[in-house]
Amino acid sequence: MITMKDIVLEGHPVLRQVAEDVTLPASVEDQEIARKLLEYVINSQDPIISEKYGLRPGIGLAAPQINVSKKIIAVHVKDEKGKLYSYALFNPKIISHSVEKSYLSGGEGCLSVDRTVPGFVPRYARITIEATTVEGEKIKLRLKGLVAIVFQHEIDHINGIMFYDHINKENPFAPVENGTAIDR
Ligand code: SB7
Ligand code: NI
């Protein structure tokens with residue numbers, strides 16, 4: 001299982017690389033990476049398991065964060081209505097997005113960043129993504145709210161982008177144009 005010692009921190013060059021596409025159908029090795037990422041995210045949200053192994057809670061994780069430069073992500077998060085989005089995905093890609101933005105009022109954090117970076121992180125309010133599931137099914141997901149934000153954070157990781165790249169340098173809390181705050 002993945003624990004904190006497997007997670008690379010900012011400064012590691014893998015976090016700035018554009019990750020490789022996964023060749024489909026995915027190899028058993030790539031399927032195992034996807035399943036392990038999802039397992040971490042689920043474990044990290046379990047109070048007993050996270051305490052036992054010292055896991056920092058996360059609602060998503062991307063392969064570059066465990067030093068694997070491949071387009072693989074996992075997300076395990078509930079929307080505002082309590083609907084669970086639990087996915088391990090290959091080659092996720094945003095195929096369309098809203099003009100409207102959204103942002104978490106408390107900002108974002110990252111398991112690969114061991115400090116608080118204050119500021120609003122502007123994201124698209126709604127996105128449509130295409131990806132292939134760990135089971136090998138090609139899917140299209142229409143996402144909004146917190147769920148859309150998490151997917152954008154993870155898709156950024158496979159493109160070498162960190163959440164703080166999006167924060168306004170002069171004023172981290174500058175109003176986000178066309179943006180709606182999300183309180184989580
Ligand atoms: C806040 C937290 C996350 C995504 C979006 C907003 C996930 C944090 C865990 N990760 O570092 C995953 O890459
Ligand atoms: Ni992150």
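Everything below is about the structure printed above this text.
Since we're looking at a predicted model, the values are computed, not measured.

### Let's talk about the overall build of the protein
Item 1. Broken down by element type, the protein carries 3 helices and 8 strands.
Item 2. The N-to-C order of helical and strand elements in the protein reads α-α-β-β-β-β-β-β-β-α-β.
Item 3. The C-alpha atoms of the protein give 16 Å as radius of gyration, which agrees with the globular expectation for 184 residues (16 Å, within 12%).
Item 4. Principal axes of the C-alpha set define a box for the protein whose edges measure 45 × 35 × 35 Å.
Item 5. For the protein, the proportion of its 184 residues judged to be buried stands at 49%.
Item 6. Summed over all atoms, the accessible surface of the protein reaches about 9600 Å², with 51% contributed by carbon and sulfur.

### What about the coordination of the nickel ion (ligand 2)?
Item 1. Only C110 (SG), H153 (NE2) and H157 (NE2) from the protein reach the nickel ion (ligand 2) as donors, at distances of 2.1 to 2.4 Å.
Item 2. Sequence spacing of the donor residues for the nickel ion (ligand 2), all on one chain, is C-x42-H-x3-H. Residue H153 and its partner H157 are located together in helix α3 (residues 145-157), separated by 4 residues, close to a single helical turn. You'll find H153 and H157 in the same group, each marked buried.

### Topic: α3
Item 1. The end-to-end C-alpha distance of α3, which contains 13 residues, comes to 19 Å, matching closely the 18 Å that a straight helix rising 1.5 Å per residue would cover.
Item 2. α3 sits mainly inside the fold: 13 of its 13 residues count as buried.

### Description of the pairing of strand β4 (residues 101-104)
Item 1. One ladder, built from 2 bridges, connects β4 with strand β5 (residues 123-124); its direction is antiparallel. Bridge pairing in β5 places K101 opposite Y124.
Item 2. Note: β4 against strand β8 (residues 179-182), 4 bridges, orientation parallel. Paired with K101 across the two strands is G179, which belongs to β8.

### Examining the sheet that holds β5
Item 1. Taken in spatial order, the 3 strands of this open sheet run β5-β4-β8, and their pairing is mixed. Sheet topology places β5 and β8 at the edges, where each strand pairs with a single neighbour.

### Considerations on the nonpolar core
Item 1. Core analysis: the biggest nonpolar cluster contains 23 residues, and I73, V77, L89, I129, L143 and F151 have the highest contact counts within it.
Item 2. Contributing elements (two or more residues each) for this core: β2 (72-78), β3 (84-97), β6 (126-133), β7 (138-144) and α3.
Item 3. With 7 residues, α3 is the largest single contributor of residues to this core.
Item 4. With residues near it in sequence (within four places) discarded, V77 still touches I59, K83, L84, Y85, L146, V147 and V150.
Item 5. L61, V68, A74 and V134 belong to the second-largest nonpolar core, a separate cluster that totals 21 residues.

### Brief notes about the site of ligand 1
Item 1. Around ligand 1, the neighbouring residues are I59, G60, Q65, L104, E108, G109, C110, L111, H153, E154 and H157.
Item 2. L111 has a polar backbone atom sitting 2.7 Å from an oxygen atom of ligand 1.
Item 3. When the free accessible area of ligand 1 is taken as 360 Å², the share hidden by the protein chains comes to 95%.
Item 4. Here the shell around ligand 1 gets 3 residues from one element, more than from any other, and that element is α3.
Item 5. By residue class, the composition of the shell around ligand 1 is 4 nonpolar, 5 polar and 2 charged.

Analysis parameters
- Residue positions are given per chain, counting from 1 as you read along its sequence in written order.
- Here chains are named by letter from A upward and ligands by number from 1 upward, in the order in which they appear as written.
- Only residues with pLDDT of at least 70 get local features here, since the model is predicted, and only at 80 or more are side-chain atom pairs given and counted; chain-wide, interface and lining totals rely on the full set of residues.
- Each side-chain value is derived from all of the structure's non-hydrogen atoms; neither hydrogens nor water enter the calculation.
- Secondary structure elements are defined from DSSP: runs of H or I of at least 4 residues count as helices, runs of E of at least 2 residues count as strands, and each element is numbered from the N terminus.
- As defined in this context, the radius of gyration uses C-alpha atoms, and a globule is described by 2.2 Å times the residue total to the power 0.38.
- In this scheme, a residue with accessible area under 20% of its type's maximum is buried, one over 50% is exposed, and one in between is partly exposed, where area comes from a 1.4 Å probe on protein chains only.
- Only the protein chains shown count as cover for residues, with accessible areas throughout obtained via the Shrake-Rupley method and a probe of 1.4 Å.
- Ligating atoms shown are N, O and S within 2.8 Å of the metal, or 3.2 Å for Na, K and Ca, and water is not included, meaning a site may look less than complete.
- Multiplying one less than the number of residues by 1.5 Å gives the expected span of a helix.
- Strands qualify as paired when DSSP identifies two bridges or more between them.
- The term nonpolar core refers to a set of buried residues drawn from Ala, Val, Leu, Ile, Met, Phe, Trp, Tyr and Cys, joined through side-chain atoms within 4.5 Å.
- Residues are treated as being in contact if the distance between any of their heavy atoms lies within 4.5 Å.
- Near is defined per residue: the residue qualifies when any heavy atom it owns lies within 4 Å of the molecule or strand.
- Any pair of N or O atoms that falls within 3.5 Å is considered a polar contact. Within protein, one atom must be able to donate a hydrogen and the other to accept it, and sequence-neighbouring residues count only if both atoms are side-chain atoms.
- Under the scheme applied, nonpolar residues are Ala, Val, Leu, Ile, Met, Phe, Trp, Tyr, Cys and Pro; charged residues are Asp, Glu, Lys and Arg; polar residues are all the others, including Gly.

None of this, on its own, says anything about what the molecule does.
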